[in-house]
Number of protein chains: 4
Amino acid sequence: MILEKFVAEGLAHYSYLIGSGQQAAVIDPRRDCEVYIAAAEAHEQTITDIFETHRNEDYVIGSVELAARTGATIHHGEDLDFRYGVPAKDGEVVSIGSLSLAVRKTPGHTPESISIVVTDRAVSDRPYLVFTGDLLFAGSVGRVDLTGNTAGAAALMHRSLHEALLPLGDGVIVCPAHGAGSVCGGHISDHPLTTLGYEKGTNPFLALDNDAFVARRVQERTYIPPYFSMMERLNRDGPPLLPASRSPAPLTPAAVKAFQERGARVLDIRSPTGFGAGHIPGSLNIWREGIAAYAGWMLNYTDPIVLVDDFNLDLDRVVRTFQRLGYDNVAGYLAGGFSAWSGSGNPIAAIETWSPQDLAGRLADPDLLILDVRDINNRTEAGWIEGSQHSYIGQLPAHLDTLPRDRLIVIHCDVGYKGSLGASILVARGFSRVVNLLGGFGGWMKAGLPVKR
Amino acid sequence: MILEKFVAEGLAHYSYLIGSGQQAAVIDPRRDCEVYIAAAEAHEQTITDIFETHRNEDYVIGSVELAARTGATIHHGEDLDFRYGVPAKDGEVVSIGSLSLAVRKTPGHTPESISIVVTDRAVSDRPYLVFTGDLLFAGSVGRVDLTGNTAGAAALMHRSLHEALLPLGDGVIVCPAHGAGSVCGGHISDHPLTTLGYEKGTNPFLALDNDAFVARRVQERTYIPPYFSMMERLNRDGPPLLPASRSPAPLTPAAVKAFQERGARVLDIRSPTGFGAGHIPGSLNIWREGIAAYAGWMLNYTDPIVLVDDFNLDLDRVVRTFQRLGYDNVAGYLAGGFSAWSGSGNPIAAIETWSPQDLAGRLADPDLLILDVRDINNRTEAGWIEGSQHSYIGQLPAHLDTLPRDRLIVIHCDVGYKGSLGASILVARGFSRVVNLLGGFGGWMKAGLPVKR
Amino acid sequence: MILEKFVAEGLAHYSYLIGSGQQAAVIDPRRDCEVYIAAAEAHEQTITDIFETHRNEDYVIGSVELAARTGATIHHGEDLDFRYGVPAKDGEVVSIGSLSLAVRKTPGHTPESISIVVTDRAVSDRPYLVFTGDLLFAGSVGRVDLTGNTAGAAALMHRSLHEALLPLGDGVIVCPAHGAGSVCGGHISDHPLTTLGYEKGTNPFLALDNDAFVARRVQERTYIPPYFSMMERLNRDGPPLLPASRSPAPLTPAAVKAFQERGARVLDIRSPTGFGAGHIPGSLNIWREGIAAYAGWMLNYTDPIVLVDDFNLDLDRVVRTFQRLGYDNVAGYLAGGFSAWSGSGNPIAAIETWSPQDLAGRLADPDLLILDVRDINNRTEAGWIEGSQHSYIGQLPAHLDTLPRDRLIVIHCDVGYKGSLGASILVARGFSRVVNLLGGFGGWMKAGLPVKR
Amino acid sequence: MILEKFVAEGLAHYSYLIGSGQQAAVIDPRRDCEVYIAAAEAHEQTITDIFETHRNEDYVIGSVELAARTGATIHHGEDLDFRYGVPAKDGEVVSIGSLSLAVRKTPGHTPESISIVVTDRAVSDRPYLVFTGDLLFAGSVGRVDLTGNTAGAAALMHRSLHEALLPLGDGVIVCPAHGAGSVCGGHISDHPLTTLGYEKGTNPFLALDNDAFVARRVQERTYIPPYFSMMERLNRDGPPLLPASRSPAPLTPAAVKAFQERGARVLDIRSPTGFGAGHIPGSLNIWREGIAAYAGWMLNYTDPIVLVDDFNLDLDRVVRTFQRLGYDNVAGYLAGGFSAWSGSGNPIAAIETWSPQDLAGRLADPDLLILDVRDINNRTEAGWIEGSQHSYIGQLPAHLDTLPRDRLIVIHCDVGYKGSLGASILVARGFSRVVNLLGGFGGWMKAGLPVKR
C-alpha cells in the first residue's frame, strides 16, 4: 500500500494518492495533475478512481483533467447535480487492490460532502484511515458559511463529525483536504496529518455539543472571495481541460505598455520594498506567495495578466498557481525584470514605505489616516493602532469611496504584503498620498509600540 | 510543523525529518544524508538534533555524517557505550520549535533501544506521534534474536510495548524504522504509517500476554547476515565520514544581528528598488546576478557572509557562485526574507531612489552632486550627465575621502544595480544623504534627457 | 566523439568536456566539478586529463578538485611555477580516444598561456578544433594588462594569434574560455562558439598589425578587481579541496578481467535470465533490487567490486545502496554492459534455466537434486517440492561441502532471483551441472504442480 | 545569441534552438517538443519561427506540435505540397533578434530540401553558421535513394553542395540534422558539429566531381524501412497532435496474455541473454536502444504494443522513442518485469545462445545453418563466417520462406542484438531450432576465429 500527500502551497490544499496492488485512487486532485500520474507510475500502479470529497470552491478541481488523461472514474457526493463523474451513495465501496474505500455522506461544509473511509482487507476489517475533505482538519473544522444557511450547515456538520466520523475509532488516521493557511477553515493547525483520537482530545470544536457548536459557528466572521462563485460553477460543471498550454511570453517594456493600454492587468509579484521604491504606473502588487489567497479578490478571468518580477525566478510556479485558480489568462512577463522598465526611460511610480518607528514619530499628525486592511478577526484578537480605521483588503476596492483623497493614508496589514497590495490599489485609483507600513502590525508590536484593544 | 518520511528501498528503512519553527530533527538518518539537509532547507529550518532509536545493524547509520555537516547533536540510548553523540536518559526532552521530543527507554530489540514521543506544546500536552524504531512496526514487532538472549529480549520488548507505548493512547501516530520487506522484522505490513489504536486492534503480537509473546518469539527461525557484525561495530564506534560542505543556515533576524555584531558582512542580493525602500542597516547591496563580477571587489575571505533576499529562491546557485570565487565563508541567510526583518521591530534603513525624470527636475540644485560609478570606457563611449563626477564602483571604497559628506549625492551607473551597490557603501560608511538613480544612464538616455560627450 | 560546453553565468566562463572512446578531457574546469563527472558518466567515459589554458585569475580553478575525484592528470603551461600538475611542452600531445590534443604555447594574456589543438586521427590529420583559453574570444581577444607589462604582453599575444593560431586554417572551430560579459576581455560577442575563418573576417583585433595592435592595447583602460590576486595565488598553488567520493569507473572487458585477476569481485546485477544465458566466468549474480538484502552475506569490505549490467541504467542508485551498507569499495562497472563482454571474444559462462514445467517433466530423473534456498519459514509455511533439500541462500557458501558435485543440481527459491545467486555461487566454486528454476517455488505453485507440506 | 543542440538518441537526430534578443527559432523539431519551449524560456525568449529543412522520413516532425503550443510560423521548402506551414522562397530571410536566417534551396536529399544560412547583423554580413539538414553531415552526405531517381538526386545534391554551400566560406559552422548512427546517411562521423572548411578538407564526398559523385551514389546499397512511407505521409500532411497522453498501464501476466490474445504485439526490450533464457511465447525482442532503428521494420501503428523489461527502468524514454516514430499505440507493460511472468506459472519460451567458441566447435555439423542478418555493407567490408547465408534483419520477415524449417539455424549480426531480434521472429513464426550468437560477428573476430572475404 502506498499513500502520498501533495501540498499546493498558498492554497494549503492537500490531495492524496492511495494505492494497493496495481491500482491507485486520487482524492481531491488539483488541476496540474501530472504529479499523481508520475507518482502512480513510480509504483507501477494505474489510477482507476478519483474522489471529490465536495465541490471545492477555492481552486479548480483536477478530477476532470485527470480522468481525461487516465480514464479513471470520478466519484462525488450524490446531493449535488454535478455535470461529470458518477454520484456515490452512502456506504458505496470502491476496491483499490486490497483496500476498500467506503463513501460516507458527511454534509456540513457543503450538502453533498462525503468522507472516504479506508479499510485494508488484507489486514483487518477495522477502519485504517479517513479522508475528511473540508469536514475535519487538524485542530479545526470546515467553513459552514458558504451555503447561506450557516446554522443549518453547522448542525449538519456536528452530526457528521459525531455520528459518522468519531465512531470510527481513535486510532483512525485523518487525512484532511487543507492545512494551516487555508481560507477554508480558521486556525487550522500545521500538523501534516492527525488521528481521530488526537482530535477528539485536542480539537476545540469537537468538545462542543450541537447547540454550542452552532452558536459558535454563526458568530464567526468570515470573508468569501468573489472568485469562489466562479470556482463553484466550474467545479459543478467540470472545468475546461488545460490546453497544451502556451507559456507566458517574455515582453519588452514597450510590449508591456501596449498590453496595459489594451486592458491587461499588470501584476507586480515583488515584495513591498521593491514595489514601493519603483513600479510600473497602474500595476497591482501581490507578492508571489500571496497569489493563491488574493488574486481571486482582484483579478478577472478575461483581461490578460502581465507579470513583473525582479529576476524572473521560478515563474512556472507562479503560472501554475494561477491555473489552479482557473486563471488561464497569464499572457506575458516583463523580460529582464523591473530593471528593464527602469532602464527604458518610461515613467516610474513609487509608494512611500515607512518603518514602524517612522509611523510612531508621526502619529500626532492630523493629516494622517491609518488604514488597517487585516482580517477583522486578527484585529480583534491581536489589537490595533489607536485611531486606525479598518477595511479588509479583499473588500477595499469596494470601499474606496469611504476614504478621503486629501489625507495621507498609511496602510498596514499583519506583515506588510497586503498593505502594499492595498497601497497599489489606492494609487492605481488615483489616490496620491499613500504610504505602506513595512512589517505591518507585527513589526509595530515587536518594536514595542502601543497597542489598543 | 513538518514531517517527512524517507524510504531507503531494499532495506525498507524509514527515516524521518520532523521540524517546527526554524528547527528540525532527524530520526535514524541514513548515510547519504543530503536529502535531510535539502528537505530542511526547503522549509528554511536548521537540523539541530539527531536521534538514533538504537544501534542499527542492517545499514550504516548516517547520524555521524549528518552531524558533521550540520553541527547537530546526536542523541542515543544510554545503555550502550556509543563512541559518539550524547546518551539520553528516560524522560529527557528535546525542544524543536513548539514540539517536545521526549525519550522513552524501550528495550527489547536491543538493550539500549529508545522511542521518541512527540508532543506539540502549541496544541496540547497529549502525545501526538511516536517514533518506535525497531520496537513496533505496522503489523509486526522487531527482532529479538540479535543479543543472544532471545527470551530475555522478548520479555523486555513485551514490557516496552505494553507499559511504555500503548498507554500513550490509541490516537497516537506510529512512525516505525522499517516497512514491509525489512530483515529487521517478519511479516511487516505495507502500511506507510499506523497508529497505536490500529495496531492494538490488528497486530497479532499485541494480543499476546508476556508468556505467550516470549514463547512465540523463541520459536521464530531467523537468519543473521554476517555483515550485521560489521554494521554493529561501525554503528557503535561511528562510521567513517564522507566529508562535504555545510550549507548556509537559515537565520532569524536576531541571529543575523548577532552575526553582524561579530563582524559578519550582511549582503543584500535584492534589486535596487527592494534594497532602497528598506534594508538592514549596514548591509551591502550586490544584486544576485552581479555577485560574480563585484563580490571580489567588496568582500574578504574570512568574515562570515550573511545573505538577505526577498523570497530566498535558488540560493544554492548564489552559494555556488561564491564558491567559484573561492568564498567558502557564506554562513547563513535571513529565513523568511527581508519581510522577516521588517516584521521584527528592528530598525530599517532606506536609500532614496529617483527616476531619470526626478533627477532631471532637480539638476539645477547646487546641493546636488551626481556621481557616476560606471566603467570609465562606458562613460567615454556613451557620454555622461553634465556636471557629473566619476569614480569606478570597484574603486569607490578607496575614494570615499574625495566625496563631500554635506551634499546630496545622486549615484548612477549604467542600469541602476551598481548604483545601488555604491549607495549602500556610502550609507554604510556614514553618508546620510544618498540617492540611487533607477535605470541609470541607460534610463536617462532612453528618457530623452541631455547627454554630454 | 563528444563535446560539451559548460557556462558559469556571471563569470561568463566556458569550460569544456571533450571525449572519445572511453576517455575524456576537461578544459579549464570550475570548482563545482560534479557536472563534468556526471557528463562523462552519461557517455560511459572516464576523465583522464585536465588542461588549464592559463592560471586563471577570475575564478577558483577546479582542476585540483577534479583531479582529486577522478585521478586525472593536470596539464598546464610550463612557463609558470605551478605547485600542482605537470608542465606541458609546446607540441606535446595527449591522446583521448582517437583524438590528439596538442599543446601550443600561446603567451600573451599570461606568459604561460597555452592553446589546445584537437585533431581526430580517425578522420584526418587536419586540425578540427582549438581551445584558445583567454587568447582569442568571439569578436575580441584577452586582456594583456595583468602582468604589468602591457606592451610586451600585447606583442606576444599578436604573435600567438598570427603565428600559432590563424595558420591552423579557417575551418577550425574556436572554443574560448569566456563569453560576453566576462571581465577577462572587452566587447566579447555573444556567439557561443566561432571559427578561425569567421574571426579572421570579423574580429577587429585580428585586422591590426603588431604595432597597431600594441598601440591599441596600451590605450585600453581596465580595472583589476582585488580578488584577482587571491585567485592568482590560489590558482598557482592549488586551491583547497572540497573533498568527495570517486564514482565507479567505466571499464573495458580487458580492465574488468584485470580487476578480477587482482582479486576483485565481479557482481552481475542482471536478472536470472540474463545472467543464465551468458555471464562473465566467476561472477556472482545479485539482481539490483536484492543488493540491500544479500550483498551483506556475500561480499567483503576490502576487495574491489565491479558491476555488470545490461544497459547501465541508474547505477547511481546501486552505488548508493552499497554505501548505505558501508561498502565504499565499488570500483567500476563494465562500460557498454554485458554485450561489450560478449562482443569481446572472451569466454562466456552460462547457467541453464528451467521453467517449472521443464522441472516437472524430469522429476523422476535420479541424477537430479533439487536444492531449496528459501528462508526456512517460507518453506514451512508455503510447502516444498517433494524430495528437495534445503539450505538457506545466506548460508549456502558455508554448506557447499554437503552438496554432491556429480549430480545435476536444480536450485530454486521463491521467485528465481536468489536461485540464480545460489547457482552463481556453485558455478564459481566449480560445480559444473547447475540449473536455476525460473519463477521459483511461486511459479511452481501457480503452474499447478504438486506441493508437499 | 544562443545556440542549443538537441540529440534524439537512437535516431541520431539533431535539432536546434537558435535565439537572439527575445526571439528564437527551432530547426527540425522532434515531436516531444517541450524541451525547446523550456530552453527558450530559460533565456527569456519566445519561439516565433520553426524551420523544416525537408520532409523528414525517419521520424515524426514536431513542427506542427510546436506551432500549436507556441503560435510560431512553420517554414519549409516550396517544392513540395505541404499541408501546413508556409513555403519559403530561395533567399527569403527571417529575422530573429539581430540574426538573419536566410533560406537557400539545396535539393538533393529531397527535391524541396533547404538550408538555412545564419548571419549576425550585429557583427558582420559574413555568414556565421548554416543548418544543412540532410544535405551535408560531418564526414558524409545525405541519402539520395528515397525519391526513386538516385542519379538525378545525386547530381542535384552535388550542385547544392558545391554551388550553394561551399562558397559560403571555410569558416562557416555546419549544423546538420543527423549524427553518427543515423539511417539517413552512411558513415557519418561522430563529430558533434563541423565547419565547411573542415569538411572540404576531409569529407570524401566533397572531393568528387559531379560525375564521380553520381557514380558512387548509385552504387550504394541501402535499405528503406517500411515505416518511412508512413512518416513521409504524416510529415507532408502534418501529423496528429500528441494527445494529453495516457501512460502505458502496468499489467499483470494475465492481462498481458489477454492483450496478446486480442492481437497486441508483445515487445521484449531486454538484452539477448535475458530474452534467450526466458521470454513470453510469441514475443519479439528489440533491445531498448534498438527501437529507434528497428521498430519501424517490425511493428504496425494500430495493434497495441505491450512492453516487457526486467526492472522497468526509464520506460518513459522508451515510450518517447516510440512517439517520435509515430507509434502512439504503446498500451502497457508487464508490471514487476519478466520475473512476474516466470513466477506466474505461465509457459516460458527460450532461445539458445551460443558463444563464438561454441559455434566454432560445431561448424562441421551439416545440420547447422548460419544466418547472417547484418547490413550487407558490413558483411562486404568486414567479412563473414564461411558458409553463412545472408538476409538483412529488416527484410527477414519477408524471406522466411527461403529458410529450412528442419535445420538448426544459428543467427548472428554484428554484436548480438539484431540476432536476437531475428531469432525471436523465427521462433514466433514456428521455427523450433534457433540459436543466437552472443557477441555476433564482432565477438567471432575478436575471439580470433576465421573470417572469409
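In this numbering scheme, every chain counts its residues from 1 along its sequence in written order. Chain labels run from A onward and ligand labels from 1 onward, assigned in the order the entries are written. Local features in this predicted model are restricted to residues whose pLDDT is 70 or higher, and side-chain atom pairs enter the listing and the counts only when it is 80 or higher, whereas totals over whole chains, interfaces and linings include all residues. The side-chain figures draw on all heavy atoms in the structure; neither hydrogens nor water molecules are used.

### Topic: the side chain of Glu52 of chain D
Residue and element names in this part refer to chain D.
Logical step 1: Checked against the element boundaries, Glu52 lands in strand 4 (residues 46-52).
Logical step 2: Throughout this description, buried means an accessible area under 20% of the type-specific maximum (1.4 Å probe, protein chains only), exposed means over 50%, and partly exposed covers the range between. Charge convention: Lys and Arg are scored as positive, Asp and Glu as negative, and His as well as the terminal groups of each chain are ignored. Put simply, a salt bridge is a Lys or Arg side-chain nitrogen that is within 4 Å of an Asp or Glu carboxyl oxygen. The charged side chain of Glu52 is buried without a salt bridge, its nearest counter-charge being Arg55 at 9.6 Å.
Logical step 3: Two N or O atoms count as a polar contact when they lie within 3.5 Å, although within protein this holds only if one can serve as hydrogen donor and the other as acceptor, and sequence-adjacent residues are included solely when both atoms are side-chain atoms. Within the structure, the side chain of Glu52 is placed 3.4 Å from the side chain of Asn56, a separation counted as a polar contact.
Logical step 4: When checking whether two residues touch, look at their non-hydrogen atoms; a contact exists if any pair is within 4.5 Å. When near neighbours in sequence (up to four residues on either side) are disregarded, Glu52 contacts Asp28, Pro29, Ile61, Gly62, Ser63, Ile74, His75, His76, Gly77 and Ile114. Starting at the N terminus, helices and strands are each numbered in turn, a helix being any DSSP run of H or I of at least four residues and a strand any DSSP run of E of at least two.

### Here we look at the packing of aromatic side chains
Within a pair of aromatic rings, the relevant descriptors are the distance that separates the centres and the angle that separates the planes.
Logical step 1: Centres within 6.5 Å make a pair out of two Phe, Tyr or Trp rings, where for Trp the six-membered ring is used; the pair is then stacked when the planes are under 30 degrees apart, edge-to-face when over 60, and tilted otherwise. One pass over the full model with this rule turns up 50 aromatic pairs over all chains.
Logical step 2: Ring centres 3.6 Å apart and planes at 15° place the aromatic pair Tyr223 of chain A and Tyr392 of chain A in the stacked group. Of the two residues, Tyr223 of chain A is situated in the loop between helix 5 (210-219) and helix 6 (227-237) and Tyr392 of chain A in the loop between strand 22 (389-390) and strand 23 (408-412); the sequence distance between them amounts to 169 residues.
Logical step 3: On the basis of relative accessible area, Tyr223 of chain A is assigned to the buried category, the value being 13%.
Logical step 4: Judged by its relative accessible area of 7%, Tyr392 of chain A falls in the buried class.
Logical step 5: Both rings, one in Trp287 of chain C and one in Tyr417 of chain C, keep their centres 4.7 Å apart while their planes meet at 15°; by these two values the pair is stacked. With Trp287 of chain C in the loop between strand 17 (284-285) and helix 9 (291-298) and Tyr417 of chain C in helix 14 (residues 417-428), this pair connects stretches of sequence that are 130 residues apart.

### A short note on the interface of chain C and chain D
Often the size quoted for an interface is simply the accessible area lost on bringing the parts together.
Logical step 1: Counting from both sides, the interface comprises 57 residues of chain C and, opposite them, 57 residues of chain D.
Logical step 2: With both sides pooled, the region where chain C packs onto chain D buries about 4600 Å², and carbon together with sulfur makes up 61% of that total.
Logical step 3: The interface formed by chain C and chain D includes zero salt bridges.
Logical step 4: Where chain C meets chain D, there are 20 residue pairs in polar contact (both at pLDDT 80 or more).
Logical step 5: Elements with a minimum of two residues in the side of chain C that touches chain D: strand 10 (127-133), strand 14 (194-195), helix 4 (196-202), helix 8 (272-277), helix 11 (338-342), helix 12 (356-360) and helix 15 (440-446) of chain C.
Logical step 6: Top element by residues in the side of chain C that touches chain D is helix 4 of chain C. It accounts for four residues.
Logical step 7: Split into classes, the residues belonging to the side of chain C that touches chain D amount to 22 nonpolar, 25 polar and ten charged. Buried area: the sum, over both parts, of the accessible surface (1.4 Å probe) that disappears when the two are put together. Under the convention adopted here, Pro, Cys and the residues Ala, Val, Leu, Ile, Met, Phe, Trp and Tyr are nonpolar, Asp, Glu, Lys and Arg are charged, and Gly plus all remaining residues are polar.

### What to know about the packing of helix 9 (residues 291-298) of chain D against helix 10 (residues 315-324) of chain D
Residues and elements named next belong to chain D.
Logical step 1: At a minimum axis separation of 10 Å, helix 9 and helix 10 run at an interaxial angle of 55°. In terms of orientation, helix 9 lies oblique with respect to helix 10. In terms of crossing hand, the pair formed by helix 9 and helix 10 is right-handed. Side by side, helix 9 and helix 10 meet where Ile291, Ala292 and Ala295 of the first sit next to Val318, Thr321 and Phe322 of the second.
Logical step 2: When the residues that make up the contact of helix 9 with helix 10 are grouped by side-chain class, the tally is five nonpolar, one polar and no charged. Comment: axis = line fitted to C-alpha atoms, over the contacting stretch for helices; angle = value between 0 and 180 degrees taken between N-to-C directions. Orientation labels follow simple angle bins: below 35 degrees gives roughly parallel, above 145 gives roughly antiparallel, 65 to 115 gives roughly perpendicular, and whatever is left gives oblique. Throughout, a crossing is termed right-handed when the near helix is turned clockwise from the far one, and left-handed when it is turned anticlockwise from it by less than a right angle.

### Remarks on the confidence of the model for chain A
Logical step 1: The pLDDT averaged across chain A works out to 93; a share of 99% of its residues lies at or above 70.
Logical step 2: Interface confidence for the predicted complex, given as ipTM, is 0.86, next to a pTM of 0.85. The predictor's confidence in any single residue is recorded as pLDDT, a number from 0 to 100.

### Concerning the sheet that holds strand 9 (residues 114-120) of chain C
Working definition: the strands of a sheet are paired by backbone hydrogen bonds and lie parallel or antiparallel to each other.
Residues and elements named next belong to chain C.
Logical step 1: The pairing criterion is simple: DSSP has to find at least two bridges between the two strands. Read from one edge to the other, the open sheet built from six strands follows the order 7-8-9-10-13-14, with strand pairing classed as mixed. The open sheet is flanked by strand 7 (93-96) and strand 14, the only strands paired with a single partner.
Logical step 2: The sheet contact formed by strand 8 (residues 99-105) and strand 9 spans seven bridges and is antiparallel. What sits directly across from Ser100, in strand 9, is Thr119.

### Here we look at the pairing of strand 13 (residues 173-176) of chain A
Residues and elements named next belong to chain A.
Logical step 1: Residues Ile173 and Cys175 point to one face of strand 13 and Val174 and Pro176 to the other, with burial holding for every one of them.
Logical step 2: Relative to strand 13, strand 10 (residues 127-133) runs parallel, the two sharing four bridges. Looking at strand 13, one finds that Phe131 is bridged to Cys175.
Logical step 3: Of the pairings in the sheet, the one linking strand 13 to strand 14 (residues 194-195) comprises two bridges and is antiparallel in character. If you follow Ile173 over to strand 14, its bridge partner there is Thr195.

### Some thoughts on the side chain of Ser342 of chain D
Logical step 1: Summarising the element assignment, Ser342 of chain D is placed in helix 11 (residues 338-342).
Logical step 2: Separated by 3.4 Å, the side chain of Ser342 of chain D and the backbone oxygen of Ser339 of chain D make a polar contact.
Logical step 3: When sequence neighbours within four positions are dropped, the list of residues in contact with Ser342 of chain D reads Leu438, Gly439 and Gly443 of chain C together with Ile348 of chain D.

### As for the pattern of salt bridges
Logical step 1: Counted according to the given criterion, the structure contains 87 salt bridges over all chains.
Logical step 2: A salt bridge links Asp372 of chain C to Arg379 of chain C, with the shortest nitrogen-to-oxygen separation between them at 2.8 Å. For the pair Asp372 of chain C and Arg379 of chain C, a shared accessibility class is recorded, and that class is buried.
Logical step 3: The residue Glu78 of chain D makes a salt bridge to Lys105 of chain D at a minimum N-O spacing of 2.9 Å. One end of the pair, Glu78 of chain D, is in the loop between strand 5 (73-77) and strand 6 (86-88); the other, Lys105 of chain D, is in strand 8 (residues 99-105), and 27 residues separate them in sequence.
Logical step 4: Owing to a relative accessible area of 29%, Glu78 of chain D belongs among the partly exposed residues under this scheme.
Logical step 5: Put simply, Arg30, Asp32, Arg320 and Arg324 of chain A are held in one network by salt bridges that share partners.

### Notes on helix 10 of chain D
Residues and elements named next belong to chain D.
Logical step 1: For helix 10, the buried fraction is high: seven of the ten residues fall into the buried class.
Logical step 2: Within helix 10 the residues assigned to the buried category are Leu315, Val318, Val319, Thr321, Phe322, Gln323 and Arg324.
Logical step 3: Trailing helix 10 by a residue or two, Gly326 shows a phi angle of about 90°, which is positive.

### Looking at the interface of chain B and chain A
Logical step 1: On the side of chain A, 57 residues touch chain B, which itself brings 57 residues to the contact.
Logical step 2: Here chain B meets chain A over a buried area of about 4600 Å², counting both sides, of which 61% is carbon and sulfur.
Logical step 3: Considering only the side of chain B, the residues that lose the most area to chain A are Tyr128, Tyr198 and Phe311 of chain B, jointly responsible for 14% of the buried surface there.
Logical step 4: Counting across the chain B and chain A interface gives zero salt bridges.
Logical step 5: Taken together, chain B and chain A are joined by 20 residue pairs in polar contact (both at pLDDT 80 or more).

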